[in-house]
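If you want the building blocks of each chain, they are given just below.
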Amino acid sequence: AGPPVDPDDLAAIPSTSPKPIYRNAFQGTTNTDPSFNEADVSDKPNKPAPLSAATIAGLTEAFQQRLEAELSAQDAILQILDSLETQAELDNTYIVFMSDNGHLLGEHRLGYGKKYPYEVSNRVPMMVRGPGITPGTVIDDATSQVDFAPTVLAMAGTTSPTPGLIDGVNLLPLLTGTGTLNRSAIVIEATSANASPDPLPWTYHGIIDRRWKY
């Protein structure tokens, strides 16, 4: 049944829903990102006010619940890996972990959100396991989510039926150490999710290279 719901479990807005057995598994854990409730925002364009104690409490609970919910995801991943190994297909399978975007939970005093051009929002992890990939390899090339489709098609041994209509590049040679990626920069951009009319107005446009963001 799991531990009872604490009053603070209901204060996280918006929150995730950890399984009862994992609720409060990360109680006491805090967001240690240096930009959380940033002390000096004089270099920021909007210069938001410091977060209130109530807001910090809610964001901290949301942060903890996200970590707790990940334990269920970990269980599911382990079950998939065990099943693939049982069927002798693990060494013949590519497994990709990634996300569509990151979420701010108090970084830069911005509370909760994702429509900002900060690293915690627009940089996401991408981890790949599979044939030809050396364990522990770290790649720091500039890649983007638009590369996901052509890469997965290559993993499946095929290509897009309409090559001219697909964005991105195949990252498989980069992942397996058989090729390089000659890309100087990638595009970042966001729209206002609930805006109208169509097309949605842009929140920002930008480009990132290996060092700078414009």
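Our subject is the structure that appears above.
Residues numbered from 1 in each chain as written. Predicted model: local features only at pLDDT ≥ 70, side-chain atom pairs only at ≥ 80, totals over all residues. Heavy atoms only, no water.

Caption draft 1: Here's a closer look at the overall build of the chain. Secondary structure assignment for the chain yields four helices and six strands. Total accessible area on the chain is roughly 13,600 Å²; 57% of this is exposed by carbon and sulfur atoms. (Helix = DSSP H or I, 4+ residues; strand = E, 2+ residues; numbered from the N terminus. Areas by Shrake-Rupley, 256 points an atom, 1.4 Å probe, with all protein chains shown as cover.)

Caption draft 2: Spatial organisation of helix α1 (residues 53-86). Relative to the 50 Å expected for 34 residues at 1.5 Å per residue, α1 spans 50 Å between its end C-alpha atoms, a close match to the ideal helical length. Looking at α1, one finds that the buried residues are Gly-58, Leu-59, Thr-60, Glu-61, Ala-62, Gln-64, Gln-65, Glu-68, Ser-72 and Leu-84. In the core, the buried residues of α1 are packed alongside β1 (95-98), β2 (104-105) and β3 (112-113). Ala-88 lies just past α1 and shows a positive phi near 60°. (Expected span 1.5 Å × (residues − 1). Buried < 20%, exposed > 50% of the residue type's maximum accessible area, 1.4 Å probe, protein only. Contact = heavy atoms within 4.5 Å.)

Caption draft 3: Quick peek at the pattern of salt bridges. Summed over the entire model, instances satisfying the criterion amount to five salt bridges. Glu-119 is the partner of Arg-123 in a salt bridge, and the nearest nitrogen-oxygen pair spans 2.8 Å. According to the relative accessible area criterion, Arg-123 is exposed, its value standing at 56%. Of the residues examined, Glu-119 reaches a relative accessible area of 33% and is grouped as partly exposed. The shortest N-O distance in the salt bridge between Asp-147 and Arg-183 comes to 2.8 Å. Of this pair, Asp-147 sits in the loop between β4 (126-129) and α3 (148-155) while Arg-183 sits in the loop between α4 (172-176) and β5 (186-191); the two residues are 36 residues apart in sequence, bridging distant segments of the chain. Look at Asp-147 and you get buried, because its relative accessible area is 0%. The network of salt bridges with common partners includes Glu-38, Asp-43 and Lys-44. (Salt bridge = Lys/Arg side-chain N within 4 Å of Asp/Glu carboxyl O.)

Caption draft 4: Molecular detail of the nonpolar core. By size, the foremost hydrophobic cluster in this structure holds eight residues: Val-128, Ile-133, Met-155, Leu-171, Leu-172, Leu-174, Leu-175 and Leu-181. Sorting elements by how many residues they give to this core places α4 first, with three residues. Discounting residues that sit within four places of it in the chain, Leu-172 has contacts with Tyr-94, Thr-151, Ala-154 and Met-155. Core analysis: the next-biggest nonpolar cluster, separate from the first, contains six residues, Ile-186, Ile-188, Ala-190 and Tyr-204 among them. (Core = buried A, V, L, I, M, F, W, Y, C linked by side-chain atoms within 4.5 Å.)

Caption draft 5: Up close: α3. Every buried residue of α3 is accounted for by Pro-150, Thr-151 and Met-155. Down the axis of α3, the buried side of the element spans an arc of 140°, and every buried residue falls inside it. Considering only its buried residues, α3 is in contact with β1, β4 and α4. Phi turns positive, to about 80°, at Gly-157, one or two residues after α3. (Arc of directions from axis to C-beta.)

Caption draft 6: Structural detail: the side chain of Ser-121. Its place among the elements puts Ser-121 in helix α2 (residues 119-122). Taking the relative accessible area as the measure of exposure, Ser-121 reaches 2% and is therefore buried. Within the structure, the side chain of Ser-121 is placed 2.5 Å from the backbone oxygen of Lys-114, a separation counted as a polar contact. Apart from residues lying up to four places away in sequence, Ser-121 is in contact with Asn-101, Gly-102, Leu-104, Lys-114, Lys-115 and Tyr-116. (Polar contact = N/O pair within 3.5 Å; in protein donor to acceptor, adjacent residues only side chain to side chain.)

Caption draft 7: A look at the side chain of Asn-101. Its location among the elements puts Asn-101 in the loop between β1 and β2. When residues no more than four places from it in sequence are discounted, the contact partners of Asn-101 are Lys-114, Ser-121, Val-124 and Gln-145.

Caption draft 8: View of the environment of Tyr-112. Counting through the fold element by element, Tyr-112 comes out in strand β3. For Tyr-112, a relative accessible area of 32% gives the class partly exposed. A C-alpha to C-alpha distance of 7.5 Å links Tyr-112 and Leu-59, two positions 53 residues apart in sequence. Within the structure, the side chain of Tyr-112 is placed 3.2 Å from the side chain of Arg-66, a separation counted as a polar contact.

Caption draft 9: Structural context of the environment of Leu-110. Position of Leu-110 among the secondary structure elements: in the loop between β2 and β3. Residues Leu-110 and Asn-46, 64 residues apart in the sequence, show an inter-C-alpha distance of 9.5 Å. Apart from residues lying up to four places away in sequence, Leu-110 is in contact with Asn-46, Pro-48, Leu-104, Tyr-116 and Tyr-118.

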